[in-house]
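This is what each chain is made of:
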Amino acid sequence: MSVGAHVREARPKQWAKNVLVVAAPGAAGVLNEWSALWQTLVAFAALCLAASGTYYWNDILDVEADRAHPRKRHRPIAAGEVSIGSARVVGSTLLLLGLVLGFVSDWRCGVAVSVYVVLTVSYSAVLNHEPVLDLMAVAAGFVIRAIAGAEASSVEMSTWFLLCASFGALFIVTGKRYAELRDAGENVGETRAALTEYSVGYLRIVLSVSLAATLVAYCTWAFATKEISGSSWPFYELSIVPMLGALLRYLLVLEQGRGAAPEDVFAEDRALQVLGVVWVVIFGLGVYVG
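Quick caveat: nothing in here was measured; it's all calculated off a predicted structure. (Residues numbered from 1 in each chain as written. Predicted model: local features only at pLDDT ≥ 70, side-chain atom pairs only at ≥ 80, totals over all residues. Heavy atoms only, no water.)

Undergrad: Describe helix α14 (residues 270–288), listing the residues and the values that go with them.
TA: Look at α14: 26 Å from first C-alpha to last across 19 residues, which is about the 27 Å you get at 1.5 Å a residue. For α14, the complete set of buried residues consists of L272, I282, F283, G286 and V287. Buried residues in α14, looked at end-on, bunch into an arc of 140°, giving them a common side. Along α14, exposed side chains directed more than 90 degrees from the buried face belong to R270, V274 and V277. Elements that come into contact with the buried residues of α14 comprise α2 (23–28), α10 (200–229), α11 (235–238), α12 (240–255) and α13 (262–268). One side-chain oxygen of the residue at the start of α14 lies 3.2 Å from the amide nitrogen of A271, identifying that residue as D269. (Helix = DSSP H or I, 4+ residues; strand = E, 2+ residues; numbered from the N terminus. Expected span 1.5 Å × (residues − 1). Buried < 20%, exposed > 50% of the residue type's maximum accessible area, 1.4 Å probe, protein only. Arc of directions from axis to C-beta. Contact = heavy atoms within 4.5 Å. Polar contact = N/O pair within 3.5 Å; in protein donor to acceptor, adjacent residues only side chain to side chain.)

Undergrad: An account of a nonpolar patch on the surface is needed here, citing residue identities and associated values.
TA: On the surface, a cluster of nonpolar side chains totalling about 540 Å² of accessible area is made up of W34, W38, L96, V100 and V104. Looking at the nonpolar patch, the elements with two or more residues in it are α3 (34–61) and α5 (84–105). Sort the elements by how many residues they give to the nonpolar patch and α5 lands first, with 3 residues. With respect to the secondary-structure elements, W38 resides in helix α3. Taking relative accessible area as the criterion, W38 reaches 30% and is therefore assigned partly exposed. (Patch = residues over 30% accessible without salt bridge, like charges linked within 9 Å, V, L, I, M, F, W, Y side chains within 5 Å. Areas by Shrake-Rupley, 256 points an atom, 1.4 Å probe, with all protein chains shown as cover. Salt bridge = Lys/Arg side-chain N within 4 Å of Asp/Glu carboxyl O.)

Undergrad: Can you lay out the packing of aromatic side chains for me, pointing to particular residues and giving the numbers?
TA: Under the defined criterion, the tally for this structure stands at 9 aromatic pairs. Taking the centre distance of 5.5 Å and the plane angle of 20° together, the rings of Y250 and F266 count as stacked. Of this pair, Y250 sits in helix α12 while F266 sits in helix α13; the two residues are 16 residues apart in sequence, bridging distant segments of the chain. Since its relative accessible area comes to 1%, Y250 is described here as buried. (Phe/Tyr/Trp six-rings, centres within 6.5 Å; stacked < 30°, edge-to-face > 60°.)

The analysis is restricted to geometry; functional conclusions fall outside its scope.
Listed below in structure tokens is the structure:
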């Protein structure tokens, strides 16, 4: 039972999702202030630890289903590289450390991390077997990450920011299910129980609705932010272009048969990476120059 197996079980690759904690403080332009920066970094570390703890418990609870999955059967717990007993100890320790660190940043951030843990463990135990609720639970996890960052840095979030984050998360999560359903074939019931309740047509509808809602929410937020800033530069409005391009590009990726692992798509798709960089530059100019 190697340390390497435990590191792989913690899935540090997935920590990239926790970059969402910088969304609110980054958009508010406070990351150049040390007080906001260190609290945001602590919130990021707290969510990384908590997330790794929930991955342990998710794989403990789903061990039999994972062993029937062509890709997940290679996970350390499913493959027998990490015992159930040690996984429980390490997973619980990581959860506890994440919760403590969340409260070190700010008590409200600690509450957000606590809600994230409860939601994620509930998902692993129950909600991942319930269609629609599984989509909402995973999407909520992304939104809570953004809320934790805002609370850690004492940044007020606008309604449109929350709506954009919520529908954007739903779009990504639905895309993951869509790709999983298409990949599962006849083994759909063995790989993820809730998938048996979905159809490709239904998930396409949810993808369309969530994409449209994300774009509308983002456009409204961009124009509202421009008005509040009082800037004469059109950076916020221009940021809509790469955002739209990224959404459409990800939709194309899904139709090409990829997307079951969104983190791999973002790490490998050069067009998405370029659009992401362009968006960061344009929006950053709006925040720090405009």
